[in-house]
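# Notes for the structure review
Residues per chain, in single letters:
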Amino acid sequence: MDRLSSLGRFKGMCPYLGRTKQSTLRSLCTSTSPRYPALNRLTEKATQCPVLGPVLSVRSKQVVAGYASVAGTADVKKIHEEKGVHLPDDAAAADISMCPHASAAARAARMADDLAAAKRKAEAAKTAHVAHAKGDAAAAAAAGCPFHAAAEASMAPKKEAKPGLFDYEKFYAAEIDKKHQDASYRYFNNINRLAKKFPIAHTSEPTDEVEVWCANDYLGMGNNPVVLETMHRTLDKYGHGAGGTRNIAGNGAWHLGLEAELASLHRKPSALVFSSCYVANDATLATLGSKLPGCVYFSDSMNHASMIQGIRHSGAKKVIFKHNDLQDLEMKLAQWPKETPKVIAFESVYSMCGSVAPIKEICDLADQYGALTFLDEVHAVGLYGPRGAGVAEHLDFKAHLAAGQSPAPIPGTVMDRIDIITGTLGKAYGGVGGYIAGSTDFVDTIRSYAPGFIFTTSLPPVTVAGVHASVRYQMEFMGDRRLLGMNVRALKKRFHERDIPVVPGPSHITPVLVGDAALAKQASDYLLAQHNIYVQSINYPTVARGEERLRITITPRHTTEQMENLVEAVDDTFNTFGIKRTEEWKALGGRAGVGLPDEQVQAIPDIWNDEQLGVVDGTAPKQLRAGEKHYVDSKAVKITRSKFDRLLGKVEETEVGVPKMRTGGAFVDPATTAAAATLVVPGSALHHATVSNNPN
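Below, the structure is looked at part by part. (Residues numbered from 1 in each chain as written. Predicted model: local features only at pLDDT ≥ 70, side-chain atom pairs only at ≥ 80, totals over all residues. Heavy atoms only, no water.)

Glancing now at a nonpolar patch on the surface. Among the surface-exposed residues, F166, Y168, F171 and Y172 lie close enough to one another that they form a single nonpolar patch of about 460 Å² accessible area. Relative to the elements of secondary structure, F166 occurs in the loop between α8 (149–155) and α9 (168–181). (Patch = residues over 30% accessible without salt bridge, like charges linked within 9 Å, V, L, I, M, F, W, Y side chains within 5 Å. Areas by Shrake-Rupley, 256 points an atom, 1.4 Å probe, with all protein chains shown as cover. Salt bridge = Lys/Arg side-chain N within 4 Å of Asp/Glu carboxyl O. Helix = DSSP H or I, 4+ residues; strand = E, 2+ residues; numbered from the N terminus.)

Now for the sheet that holds strand β2 (residues 200–202). Taken in spatial order, the 4 strands of this open sheet run β1-β2-β3-β12, and their pairing is mixed. At either end of the open sheet lies a strand with only one pairing partner, and these are β1 (192–193) and β12 (533–534). Note: strand β3 (residues 209–212) against β12, 2 bridges, orientation parallel. If you follow E211 over to β12, its bridge partner there is I533. (Pairing = 2+ DSSP bridges.)

Here we take up the packing of helix α14 (residues 326–333) against helix α15 (residues 359–369). At a minimum axis distance of 11 Å, the contact between α14 and α15 shows a crossing angle of 10°. It follows from the interaxial angle that α14 and α15 lie roughly parallel. Residues L326, L329, E330 and L333 of α14 touch α15, and the partners they reach there are E361, I362, L365, Q368 and Y369. Per-class residue counts for the contact of α14 with α15 are 6 nonpolar, 1 polar and 2 charged. (Axes fitted to C-alpha atoms, helices over the stretch in contact; angles between N-to-C directions. Parallel < 35°, antiparallel > 145°, perpendicular 65-115°, else oblique. Contact = heavy atoms within 4.5 Å. Nonpolar A, V, L, I, M, F, W, Y, C, P; charged D, E, K, R; others polar.)

Time to look at the nonpolar core. Counting residues in hydrophobic clusters, the biggest one holds 101 residues, and the most contacted among them are I344 and F495. Counting contributing residues, this core receives three or more from each of domain 2 (261–459) and domain 3 (479–600). Contacts of F495, omitting those with residues within four sequence positions, involve I500, V502, T510, V512, I552, L566, V567 and V570. Counting 23 residues, the second-largest nonpolar core is a separate cluster that includes L272, F374, V378 and V443. (Core = buried A, V, L, I, M, F, W, Y, C linked by side-chain atoms within 4.5 Å. Buried < 20%, exposed > 50% of the residue type's maximum accessible area, 1.4 Å probe, protein only. Domains from an automatic or database assignment.)

Right, let's talk about the packing of aromatic side chains for a bit. Overall, the coordinates contain 10 aromatic pairs when judged by the stated rule. Both rings, one in F166 and one in Y168, keep their centres 5.0 Å apart while their planes meet at 65°; by these two values the pair is edge-to-face. Ring geometry for Y185 versus Y187: centroids 4.9 Å apart, planes at 70°, classification edge-to-face. Judged by its relative accessible area of 14%, Y187 is buried. The residue whose ring lies beneath R545 is Y540, and the NZ or CZ to ring-centre distance is 3.7 Å. (Phe/Tyr/Trp six-rings, centres within 6.5 Å; stacked < 30°, edge-to-face > 60°. Lys NZ or Arg CZ within 6 Å of the ring centre and 35° of its normal.)

Now for unusual backbone geometry. What is expected of a backbone is that most residues other than glycine have negative phi and most peptide bonds are trans. Omega for the peptide link from F198 to P199 comes to 10°, which places this bond in the cis form. Residue position: P199 is located in the loop between β1 and β2. Cis geometry is adopted by the peptide bond preceding P541, which originates at Y540 and carries an omega value of 10°. Structurally, P541 is set in the loop between β13 (537–538) and β14 (549–552). Positive phi values are uncommon outside glycine, yet D499 reaches one of about 60°. Within the element layout of this structure, D499 appears in the loop between α22 (479–497) and β11 (510–513).

Okay, α14 next. Taken residue by residue, α14 has D328, L329, K332 and L333 as its buried positions. For α14, the angular spread of buried residues about the axis comes to 130°, placing them on one side. Elements in contact with the buried residues of α14: β5 (296–300), β6 (317–321), β7 (342–347) and α15. The opening residue of α14 is D325, an N-cap whose side-chain oxygen sits 3.1 Å from the backbone nitrogen of Q327. (Arc of directions from axis to C-beta. Polar contact = N/O pair within 3.5 Å; in protein donor to acceptor, adjacent residues only side chain to side chain.)

Pairing within the open sheet is antiparallel, and its 3 strands lie in the order β11-β14-β13. If you trace the sheet from one side to the other, it starts and ends with β11 and β13, each paired once. Of the pairings in the sheet, the one linking β13 to β14 comprises 2 bridges and is antiparallel in character. Bridging from a neighbouring strand, I538 pairs with R549 of β14. Running at roughly 15° to β11, α22 makes contact with β11 and β14 of the sheet.

Turning to the packing of helix α10 (residues 225–238) against helix α21 (residues 461–476), a few remarks are in order. One can describe the packing of α10 onto α21 by two numbers: an axis separation of 8 Å at closest approach and a directional angle of 150°. Judged on the interaxial angle alone, α21 and α10 are roughly antiparallel. In terms of crossing hand, the pair formed by α10 and α21 is right-handed. Residues V226, V227, T230, M231, T234, L235 and Y238 of α10 lie in contact with α21, whose contacting residues are P461, V462, T463, A465, G466, A469, S470 and Y473. Counted by class, the contact of α10 with α21 contains 10 nonpolar, 5 polar and no charged residues. (Left-handed = near helix turned anticlockwise from the far one by under 90°.)

Its place among the elements puts R581 in the loop between α24 (560–577) and α25 (582–587). Since its relative accessible area comes to 12%, R581 is described here as buried. It is 10.0 Å that separates the C-alpha atoms of R581 and H496, two residues lying 85 residues apart in sequence. Excluding residues that lie within four positions of it along the chain, R581 makes contacts with R498, D499, I500, P501, D571, F574 and N575.

This part covers the pairing of strand β9 (residues 420–424). Successive side chains on a regular strand alternate, one facing one side of the sheet and the next facing the other. A large share of β9 lies buried, amounting to 5 of its 5 residues. Residues I420, T422 and T424 line one face of β9 and the alternating positions I421 and G423 line the opposite face, and both faces are buried. Looking at chain direction, β9 and strand β10 (residues 434–438) are connected through 4 bridges and run antiparallel. Considered in β10, the bridge of T424 is made with G434.

Below, the discussion takes up helix α12 (residues 277–291). For α12, built from 15 residues, the straight-helix expectation of 21 Å at 1.5 Å per residue is met to within 8% by its first-to-last C-alpha distance of 21 Å. By the criterion of burial, α12 is predominantly enclosed, with 11 of the 15 residues buried. All buried positions along α12 are accounted for by C277, A280, N281, D282, A283, T284, L285, A286, T287, L288 and G289. In this structure S276 caps α12, since a side-chain oxygen of it lies 3.4 Å from the backbone nitrogen of Y278. (Expected span 1.5 Å × (residues − 1).)

Residue position: T230 is located in helix α10. According to the relative accessible area criterion, T230 is buried, its value standing at 2%. There is a polar contact of 2.7 Å between the side chain of T230 and the backbone oxygen of V226. T230 has contacts with A465, A469, F644 and L648, leaving out every residue within four places of it along the chain.

Structure follows, in structure tokens:
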């Protein structure tokens, strides 16, 4: 430990050392990491430093390895210069010896390697992964670490502009530097979700596993056994690609069948599938606004980028109203003649804050002022309503539940009053694609005029089959979304108990307020490197400056133990970086709905109420514990399979009356009963999922 005792002289150069008490540094230097015995706790923390991190990866010899989340070259250079360390302009000349941080790191890394070499060879390899901090050398070079710049330059020499001509590369570099300067640069982590271990993923190193807490596969349908089985069977019979656009060779029974299912889901006459919901929104709003004479769009201030772009591309007039503000919307509607074509574009669930639109009241205003309603249900389909049609269906829960699977509209219900509904197949349904649903003539107009639909290759049959199976399964089974609702309640309660600030909202989105772009990124990196938890930070322009956050999404498949581990990890992160808690925000007057004065606090009821979740009658699903199998509903599986009998043939039944899952899918263990059969899904996360007739 004598090698680390001199760190005190670097306190003036290193922000972390400078703000940390001497007693704390001494404790960190003299205590062993509980997760990585070959390292002390200070060395473990040093792996997160953009300067120290790249030189801490040591096995048998010193290996300079990168940290994928370091700042750009200009940022790192600026950090050093502010502390009196000047790096040469020629990055190739940068040397570890020039940096006191890196020099100390190299000595500490050699010590860690020596200590681990004899009896902890395997642990040393794991420690190396920590030093990599979920990245690799190439990723660090791309991120701008000066000690990798020479290698980066040798692989991709900069193209210099000829005298008198515009320097495009200089322009690109300047634009990227702006993103680094305001801390809005986006870093893409290498996260590879594992089908057999959902919600576990691995990073760039296949043996380095993390828990995923920010994915939009809200229900885990990306590896549901009947979805995978359907995809395997479709792939074997129909191959991969669609063969062209819908107009040429890409309009098959799979696409028409999915569109009919989606129309039925929303009880609308027609639907149209796109390659994504971004494309669906952009193409539909652009086409509609360009065709309606003198059209005026009324757009919620927090609408998604796809809606903003679609309105912009339409060339129509645009009026922005305050988020979910009915008074502001009405005031602006009243300024236009009633005969003017108008479209109110809004979302049901806003994905970054979790707020929910007053859909019924917006419909009332649309009727009063002669406007169409365009509702984006992207973050709601599959998650709300008795059949998963979204918040509009959920608002008339009992009526839609009583109507069963009838495709007929229910007059007077909120969903029936909405003119245009858009949704995604890439979130709760676990696949990819988007769609619109509405009247027959409206859908045919978009089909006939929207370039974003006409001139793009159709989704592959295997993809369409998978999302169709997912949609149908969720139409038949409420258990997944009910369990999600229970888990969301439990997680928000745990955060509240720790005074961890959650932006209030009634939906499944759990935004943890950080309030600073750099801190949000540091918190995300720390959770990944220190706790093997992946939660992406959300910064400007996705959210307003000063409202940066960690966007957390729990699923029905996260266990109690995983949830408790997450809460502990977030609590540790807040302590480590001094991130403001709810009471601290309250002392400052509040922000983003967090810490408001008591007189301004309003109770926000969850979309799912106690009766709908089964809390009242005791049928609410229970959160999974470690080692427990999640439930797959046998009735929903049978009905879903039957949808594809004509194209794929019937699935073989077992002696107990539950069909096998075959052709690359799952199968029912014949030793079990029909009520509780074990599905074994080769290559899926549901290696031992329990099929149950339990309606919860």
